[in-house]
Structures are given as structure tokens and as C-alpha cells.
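Here is how the chains run, residue by residue.
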Amino acid sequence: AQSVTQLDSHVSVSEGTPVLLRCNYSSSYSPSLFWYVQHPNKGLQLLLKYTSAATLVKGINGFEAEFKKSETSFHLTKPSAHMSDAAEYFCVVSERRNYGQNFVFGPGTRLSVLP
Amino acid sequence: GAVVSQHPSWVICKSGTSVKIECRSLDFQATTMFWYRQFPKQSLMLMATSNEGSKATYEQGVEKDKFLINHASLTLSTLTVTSAHPEDSSFYICSARVTGSFYNEQFFGPGTRLTVL
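Residues numbered from 1 in each chain as written. Chains lettered and ligands numbered in written order. Predicted model: local features only at pLDDT ≥ 70, side-chain atom pairs only at ≥ 80, totals over all residues. Heavy atoms only, no water.

Draft legend 1. Quick peek at the interface of chain A and chain B. Facing the 21 residues of chain A at the interface are 21 residues of chain B. Summing both partners gives a buried area of about 1700 Å² for chain A against chain B, and 50% of it is carried by carbon and sulfur. Taken together, chain A and chain B are joined by 0 salt bridges. Among the secondary structure elements, those contributing two or more residues to the side of chain A that touches chain B are β5 (33–38), β6 (44–50), β10 (87–97) and β11 (100–105) of chain A. When residues of the side of chain A that touches chain B are assigned to their parent elements, the largest contribution, 4 residues, is made by β11(A). (Contact = heavy atoms within 4.5 Å. Buried area = accessible area lost by both parts, 1.4 Å probe. Salt bridge = Lys/Arg side-chain N within 4 Å of Asp/Glu carboxyl O. Helix = DSSP H or I, 4+ residues; strand = E, 2+ residues; numbered from the N terminus.)

This is how it looks when you write it as C-alpha cells:
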């Protein structure tokens, strides 16, 4: 079965500095990978997705992620953090089931942005 | 495009009562919808997969008689929490997959906050 590890439960950065949120996955085949963001008491918004095309994926709000098969990683980065980036971030792998494909969520990383 | 709505956005009920939550895909057809549960400061846990016109598939440990799912049309799935108890208090989120989607992307609703007194 697929699984997702987000190595940091909490990351704190200063506004204007780079952001790195780490994600590692396990999968027995080429996965689809996603990053979602969740602001407090809100639903999830898709930041970006990897679906076996380009390994460097660009998303919304300046975020990007690089798929590295050899490292089984899909880390999320942003060159310069903004206060509005403070939220919970989830790395997700698509899991194949007998009756279709489902999402497996990582535990989440809370990003704090300091002024 | 690809908007998913949930109703209600929050609900407070007494212990022992039943609560129905609706999940709608507003501008696309969704053969498959998913129901997740999220406890405070935790990740989303898949409860069940709902397929239009057939019985839902529940994850291990989720009581199907307690969490009734109905997916009667290509744009609507409902989750009914029967005989709710305080431990059922949680944030319930649904998602929908576009019928025929190649990339398996799910679109999430805004969630429903359930508080059982």
C-alpha cells in the first residue's frame, strides 16, 4: 500500500524567505502526487500535481515541487514566503484500489510565516 | 469550474439525533465521491468511497450502519450520521472525481463542522 511521510509537522519561516516542505512517499508503481493547502476551518485547495509528465511542477501562488523517483520525494518549495501562505499543507499520493484509485494523505505540515 | 459544495457548513445537534450532510458537484458530473473525516490538528482520513448507483465502499473501522452514504445522482452524495454521539464531532469533508478523469484529481468541498452535544 502507498504511504506518505511529511517529515516536519511544523515549519516556521520569516516573510520573504524561502519555504521548503518535505514529502516522501512509498509506492509500488508510478504514482500521481499532489500538494493541497488548507487554511483554518476551510476546505482543501489544490496547489499542484504530478502525473508522470515534467518532474518539476509549477503550481499556484508561486509554489513548485520536484518529483525525484530515486529519492521517492516530492518536496514543495517557494522562493519567498508571504504572510498569506500560513496554513496547513498536505502531500497526497494516489493509491490504486480494486475499485478505483483513492487518495492517501500525509499527516500535514503547518507553515507559520513570521513578519 | 470543478466546484464542490457542502451543506450545511456547520451543524450542532443533540446526542442521539441524526444529521445529514450533502455534497454536490456544481458544474461537473461525479461518478465517484469520497467522504473524509478530519479531527483537530490531524490529517484527513478516508471514510468511504461513494459510487453513483451502487453501495458505498467503507474503509476498515468505519461503521456503515452509523455513517449512511447515498449517491443517488451524478451530482449529489449524502452522508447521514445516525444516532450521533459527542465522539462523532469532527470536520467532514467530501470530494468528487470528475467522471472519466485521467489524472485522478479530486475536488474538495469546503467541509462541514459537526458538533454533537
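Moving on from the coordinates now.
Draft legend 2. Broad picture of the nonpolar core. All names here are of chain A. In this structure, W35, L48, F74, L76 and Y89 are the most contacted members of the largest nonpolar core, which totals 27 residues. Going through the elements one at a time, β2 (10–14), β3 (19–21), β5, β6, β8 (64–68), β9 (73–78), β10 and β12 (109–114) are the ones with two or more residues in this core. When residues of this core are assigned to their parent elements, the largest contribution, 4 residues, is made by β10. Once residues within four sequence positions are removed from consideration, Y89 is found in contact with Q6, L21, W35, Y36, V37, L47, F63, L76, G108, T109 and L111. (Core = buried A, V, L, I, M, F, W, Y, C linked by side-chain atoms within 4.5 Å. Buried < 20%, exposed > 50% of the residue type's maximum accessible area, 1.4 Å probe, protein only.)

Draft legend 3. View of the packing of aromatic side chains. By the definition in use, this model includes 16 aromatic pairs over all chains. An angle of 75 degrees between the planes, with centres 5.0 Å apart, marks the rings of Y36(A) and F108(B) as edge-to-face. Linking Y36(A) in strand β5 with F108(B) in strand β10 (residues 106–108), this pair reaches from one chain into another. Each member of the pair Y36(A) and F108(B) is classed as buried. Look at Y50(A) and F74(A): their rings are 6.3 Å apart centre to centre, the planes differ by 50 degrees, and that puts the pair in the tilted class. Of this pair, Y50(A) sits in strand β6 while F74(A) is found in strand β9, placing the two residues 24 residues apart along the sequence. In textbook terms, an aromatic cluster arises when at least three aromatic residues are bridged by ring pairs, as seen for F34(A), Y36(A), F90(A), F103(A), F105(A), Y36(B) and F108(B). (Phe/Tyr/Trp six-rings, centres within 6.5 Å; stacked < 30°, edge-to-face > 60°.)

Draft legend 4. Representation of a nonpolar patch on the surface in the model. Side chains of W10(B), I12(B) and L117(B) sit close together on the surface and give an oily, nonpolar patch of about 390 Å² of accessible area. Tracing the backbone shows W10(B) in strand β2 (residues 10–13). (Patch = residues over 30% accessible without salt bridge, like charges linked within 9 Å, V, L, I, M, F, W, Y side chains within 5 Å. Areas by Shrake-Rupley, 256 points an atom, 1.4 Å probe, with all protein chains shown as cover.)

Draft legend 5. Just the pairing of strand β8 (residues 76–81) of chain B, in detail. Residue and element names in this part refer to chain B. Within β8, 6 of the 6 residues are buried, leaving the element largely enclosed by the surrounding structure. Going residue by residue along β8, you find L76, T78 and T80 tucked away on one face and S77, L79 and V81 tucked away on the opposite face as well. Connecting strand β7 (residues 67–73) to the antiparallel partner β8 that follows it, the hairpin turn spans 2 residues. (Pairing = 2+ DSSP bridges.)

Draft legend 6. Highlighting the state of the cysteines. On inspection of all chains with the given rule, the structure shows 2 disulfides over all chains. Residue pairing for C23(A): its cysteine sulfur links by disulfide to C91(A), the two sulfurs lying 2.0 Å apart. Residues C23(A) and C91(A) share a disulfide whose torsion about the S-S bond is about -65 degrees; that sign makes it left-handed. You can see C23(A) sitting in the loop between β3 and β4 (24–26) and its partner C91(A) sitting in strand β10, a full 68 residues away along the chain. Here C23(A) matches C91(A) in class, with each residue buried. Disulfide partner of C23(B): C94(B), at an S-S distance of 2.0 Å. Linking C23(B) and C94(B), the disulfide has an S-S dihedral of approximately 80 degrees and is accordingly described as right-handed. With C23(B) in strand β3 (residues 19–25) and C94(B) in strand β9 (residues 90–97), this residue pair connects regions lying 71 residues apart in the sequence. Across this residue pair, the class does not change: C23(B) and C94(B) are buried. The structure places no disulfide on C13(B), whose sulfur is separated from the nearest cysteine sulfur, that of C94(B), by 18 Å. (Disulfide = S-S within 2.5 Å.)

Draft legend 7. Molecular detail of unusual backbone geometry. Residue and element names in this part refer to chain B. In the segment running from H7 into P8, the intervening peptide bond is cis, with an omega of 0 degrees. When you line up the elements, P8 lands in the loop between β1 (4–7) and β2. The phi dihedral of K41 falls on the positive side, at around 60 degrees, and the residue is not glycine. Position of K41 relative to the elements: it lies in the loop between β4 (32–38) and β5 (44–51). Under the relative-accessibility criterion, K41 is labelled exposed at 86%.

Nothing here speaks to function; it is all geometry.
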